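Summary of structural features
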Amino acid sequence: AYEKKAVYPLEALPTKKLRDAYATEAKRGPAAKAAAAREASEKERRKREETEARETARETALSADELRALVMPRRHAEVWIETRAFNRVAVDSLVRCVQRLNGQKSFYVGLVIATKRAPRPYRLGKKLVEMSLQLRTSVGTRLAGLDTLSNDAPSEAELQRFKVPLNPVHMRKHMRKVQAAMSEHAEKFDEQDLLRRAEEEE
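Notes on the structure in this doc start here. (Residues numbered from 1 in each chain as written. Predicted model: local features only at pLDDT ≥ 70, side-chain atom pairs only at ≥ 80, totals over all residues. Heavy atoms only, no water.)

So, on to the overall build of the chain. Assigned secondary structure in the chain consists of 8 helices and 6 strands. Moving toward the C terminus, one meets the helices and strands of the chain in the order β-β-α-α-α-α-α-β-β-β-β-α-α-α. Over its C-alpha atoms the chain spans a radius of gyration of 30 Å, topping by over 25% the 17 Å that the globule rule assigns to 202 residues. Along the first, second and third principal axes, the C-alpha atoms of the chain reach 110 × 35 × 35 Å. Out of the 202 residues belonging to the chain, those deemed buried represent 30%. (Helix = DSSP H or I, 4+ residues; strand = E, 2+ residues; numbered from the N terminus. Rg over C-alpha atoms; globule rule 2.2 N^0.38 Å. Buried < 20%, exposed > 50% of the residue type's maximum accessible area, 1.4 Å probe, protein only.)

Another aspect to go through is the nonpolar core. With 24 residues, the main nonpolar core has Met72, Trp80, Val95, Leu133, Leu135, Leu146 and Leu149 as its most contacted residues. Looking at this core, the elements that each hand over two or more residues are helix H4 (74-80), helix H5 (86-90), strand S3 (94-101), strand S4 (104-124), strand S5 (127-137) and helix H7 (168-184). No other element matches S4, which puts 5 residues into this core. What methionine 72 contacts, discounting residues up to four positions off in sequence, is Ala77, Trp80, Ala90, Ser93, Leu94, Val95, Leu133 and Leu149. If you look at the next biggest cluster of nonpolar residues, it comprises 12 residues, including Val71, Leu159, Phe162 and Val164. (Core = buried A, V, L, I, M, F, W, Y, C linked by side-chain atoms within 4.5 Å. Contact = heavy atoms within 4.5 Å.)

There is a patch of like negative charges on the surface, built from Glu184, Glu187, Asp190 and Glu191. Element by element, the count of residues in the negative patch is highest for helix H8 (residues 186-201), at 3 residues. (Patch = residues over 30% accessible without salt bridge, like charges linked within 9 Å, V, L, I, M, F, W, Y side chains within 5 Å. Areas by Shrake-Rupley, 256 points an atom, 1.4 Å probe, with all protein chains shown as cover. Salt bridge = Lys/Arg side-chain N within 4 Å of Asp/Glu carboxyl O. Lys, Arg positive; Asp, Glu negative; His and termini not counted. Charge placed at Lys NZ, Arg CZ, Asp CG, Glu CD.)

Printed below as a string of structure tokens:
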């Protein structure tokens, strides 16, 4: 540091005026700017996390009607399987599946977490498919064929037995995504409805 004709080392400045001037200049340096940028970024990240936490906390739990709206029935799966949107729509949907134990038929609700290639082809309506669903259920994960899906909505008792935790924010986003995809492929669903009505009339 220079003052008049004297020269001083920065770690031993003799006056407060020089020390304050040095502190001001040091704050303008690249290291100080980088530290300030990191601090601002960290504050922004904490603020964003706090905002997301508050939004999640404000979100109420999914109602029974919303859970039923998240269910993908078999007739919809028959349409989606012919589109490239199948995986996008199926994953995070709920399904109601049938199972037989000792000759008795029962139903359970599962959350689709992935789509897998089936061990062997099987019939889904009039089509031959090779797709199965990996589900998370109250008792663990399992594979289910699309032919085990029910067209009916799950009962209150079946929903109560479904103990898989769901993020309300994420599931409501998925519900909107499925609704948009249905609008995009509306002609396929209309065609399916016409075929089903014709079969019922026959």
